[in-house]
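# Reading the structure
The lines below spell out each chain.
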Amino acid sequence: MNAVAIVPILLSACLAGALSAQSVYRAQTDAVVITAAVTDGRRPVTGLTAADFEVRDNGVVQEIADFSRETLPVDLTLTIDLSGSMKPADRAVIERAIARIGAALEPRDRAGISTFGQRIVERTALQHPPIRADVTGVGQGGSAVLDALLLSLVTPPVSDRRQLVIFMTDGADTGSYFDSRLVVETAKYASARTSVLLVPNRASSRTLGVLQAVASITGGEMTELKKKDELGPSFLKALEDVRESYVIRYSPSGVQQPGWHELAVSLKSKSYRVRARQGYWR
Amino acid sequence: MKSARAFLACLLAIGVITPASGSQASTAAERSYDAFCQKKDEIERRRAFNAMTREQTMDIARLQIERWRDANRQRLTPEQLGLLEEFIKDGVPGRFLTPAPDGTKATLAALEERLERAFSREDLEVMDEWPYGPCVMKPAVKAPRAATLEAEAQAAFAAYAAGEDLAVERWVGRVNFSTLQRLEDIAARPAPWNRTRAAFLLEIAAAAPTYARGRFLAAGRSMVMARPVPLGQDPVEDRFEVLWHQAALGLLQPGSEVALQQEYLAAVVPRFEEAGRRGVTLETRLPLARASLDAILCCWTPVMGALVREIPRAMRGAATLESALSLFERAAAAPALRAEALIRGAVLLYDAGRYEDALAWFDRVPPYDDPGLTYAHHLTRGRALDLLNRPAAEAAAAYVTAVEGGPIDQRAGIGLASALLRSGRPEEAAVAAAHARRMPDRATNALSQLQRADFRFVPEWLREIRRLRR
């Protein structure tokens, strides 16, 4: 239930069963679901209530119908840049980082691993832990960062799980076929939060802009690592970030027009940082 | 058989060959270079090159220039030697490191301009065409091996003349680079017309690495065009000649051997035009080859990170986007070429950023049955629709056809997943995305089929030539 989903009028019994009694929400009209991360700059802030939040849909304040810090399982997709610009020595760092995040997954979580250079390759399909870290072929060929990012934005539309994409790259795009505009446009429809981890290299400003935009649109964030050793802790932080997020549901009111709906989620009185996706299409 | 032996005697009056020496200790870069140069096909080379790290590609690129410099040192001027030093120091990293270090682009452009002034076109081609052009092997101990080569060639020709279709392919597949160079010298000598001989030369060219095909094809072309019976009088020989030229051009196209294609078409087209003036109309793919060449000359640009050769400015001549489009229109007048000419024209317009025009050309494409075109056609159409902000469902439909046409290329699958998601069909989008992710690693780049042009027909044409060779 990460980010935004347009929930149909009748949620299936299966879905309802998967949610806690408190969090089940049956809307009479389509509902909008937002996942909001709140931090004090470093750590997640817990203990907030619905009354602390304000949600605006196309500028119109919405009534929050359901609010929780659900303990929904997570679907994690790791998309890892293994192009020629990544040194063979990075392989061990990546494997360690995957092992760390694998150990942090709960049995009901699922994780899948894809790697990319010029092509995107699924190494491990979405599955329950333990996950295996197979990153053979490191350091080969060019890098189609935008193509890989575009593909990673398309995830199965599940309502009973939080979806997180961790996209790790050095941002050095040498051979994408698709353009940045299409990637950003597609991000507006994506259901998963995308967190970008940028490892040190010489990314072009154009690619950086797209990575940043996708992270912002989907409610994730882009983190520039100073050292590759920070990869493991950054993986864990992204996972913790999505686990600790608040789930807010509302039925749009006064904003029925189709098209892009701009979202603004804020705290009424507290000065914490709130991160949620920037909008949705309907 | 007697004439064949006479031909071979002429063909194989060879000198000294230079087997590669394995006695000297090699550096890692030299070993990489030598291993890379064993790859004969351009696609194989591209794959091998892409599998290297940037540092490795840079090392072997540097080695190529150094070896070429050393091999030609006697004739190079101090200015040329100095320029090469600069190129080795600044130019090579500028070309092979992506993104290039700051300011490299301007430095590289200035350096290339000076190189163009200081070196002949032939010299520049050796440098520019690499890694698809000839490699320079280490100087080796010369040993007289004429008899061996002669015997091998005689045996291959005899077997081929006797009907063993793969005799040449097997033989050339074993020949090393130095031997091939000797063989080129021999093949370049003029010889009288004979279908078996002409086919033999074409077979050698087809079995040789991309960069080594030119001289075999030039020699064969001269022989074919010198046949005593003019076009229009012997349907079998006419068919043989048309197939020969088409196969020769097809063999030159994958490596974008622009100069060789230019030369080839300049030699052959007037012959068919002259026949046309006599009322002899032969169905050929030459109009499409002309248009495709013009498209390369006018509009081929290097792609960041992908290894494509630049077309030296002097070679571009008068070719423009409009001239290429005009040639595609002309080629489209022939029903057999219409679909491909319009698709290629549309892709050219797409590459030029004229998406509306590209769609208009695509709309004129008649039904066709050519898997080599389907993928590029519909992938490009899907992208044009996306870039014009047309409804995502329209792009999705185009991508679906592309996926069906190029089931081992990932890009159409990615485009489809995105278009379906944007069309409000997330479940189907997820299925398309999963399918794209599971495509085999190192799968063929189906879009490159378009660049390989008539190369895709060469095996079929060779089979027919073999049937007609006796």
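For the structure, check the block above.
These remarks concern the structure in this document. (Residues numbered from 1 in each chain as written. Chains lettered and ligands numbered in written order. Predicted model: local features only at pLDDT ≥ 70, side-chain atom pairs only at ≥ 80, totals over all residues.)

Residues and elements named next belong to chain A. The antiparallel open sheet is built from 4 strands, whose spatial order is β4-β3-β13-β15. Of all strands in the sheet, those with a lone pairing partner are β4 (60-62) and β15 (279-281), marking the two edges. This sheet shows a mean twist of 30° between the axes of neighbouring strands, independent of strand direction. In terms of strand pairing, strand β3 (residues 53-57) meets strand β13 (residues 260-267) through 5 bridges, oriented antiparallel. Looking across to β13, one finds that Val55 is bridged to Val265. (Pairing = 2+ DSSP bridges. Helix = DSSP H or I, 4+ residues; strand = E, 2+ residues; numbered from the N terminus. Axes fitted to C-alpha atoms, helices over the stretch in contact; angles between N-to-C directions.)

Here we come to the sheet that holds strand β8 (residues 120-127) of chain A. All names here are of chain A. Strand order in the open sheet formed by 6 strands is β8-β7-β6-β9-β10-β11, with mixed pairing between adjacent strands. Two strands bound the open sheet, and with one partner strand each, they are β8 and β11 (222-224). Pairwise comparison of adjacent strand axes, ignoring direction, gives a mean angle of 15° for this sheet.

To continue, consider the nonpolar core. Ile166(A), Leu202(B), Ile204(B), Ala247(B), Tyr399(B), Leu416(B) and Ala417(B) are the most contacted members of the largest nonpolar core, which has 152 residues in total. Setting aside anything within four residues of it in sequence, one finds Ala247(B) in contact with Leu202(B), Val458(B), Trp461(B), Leu462(B) and Ile465(B). Counting residues in hydrophobic clusters, the runner-up holds 19 residues, among them Ala36(A), Val55(A), Ile248(A) and Ala276(A). (Core = buried A, V, L, I, M, F, W, Y, C linked by C-beta atoms within 7 Å. Buried ≥ 20, exposed ≤ 12 C-beta atoms within 10 Å, placed from the backbone. Contact = placed C-beta atoms within 7 Å.)

Residues and elements named next belong to chain A. Residue alternation in β3 divides its side chains into a buried set, Phe53, Val55 and Asp57, and an unburied set, Glu54 and Arg56. Where β3 and β4 come together, 3 bridges link them in antiparallel fashion. Counted as the bridge partner of Val55 is Gln62 from β4.

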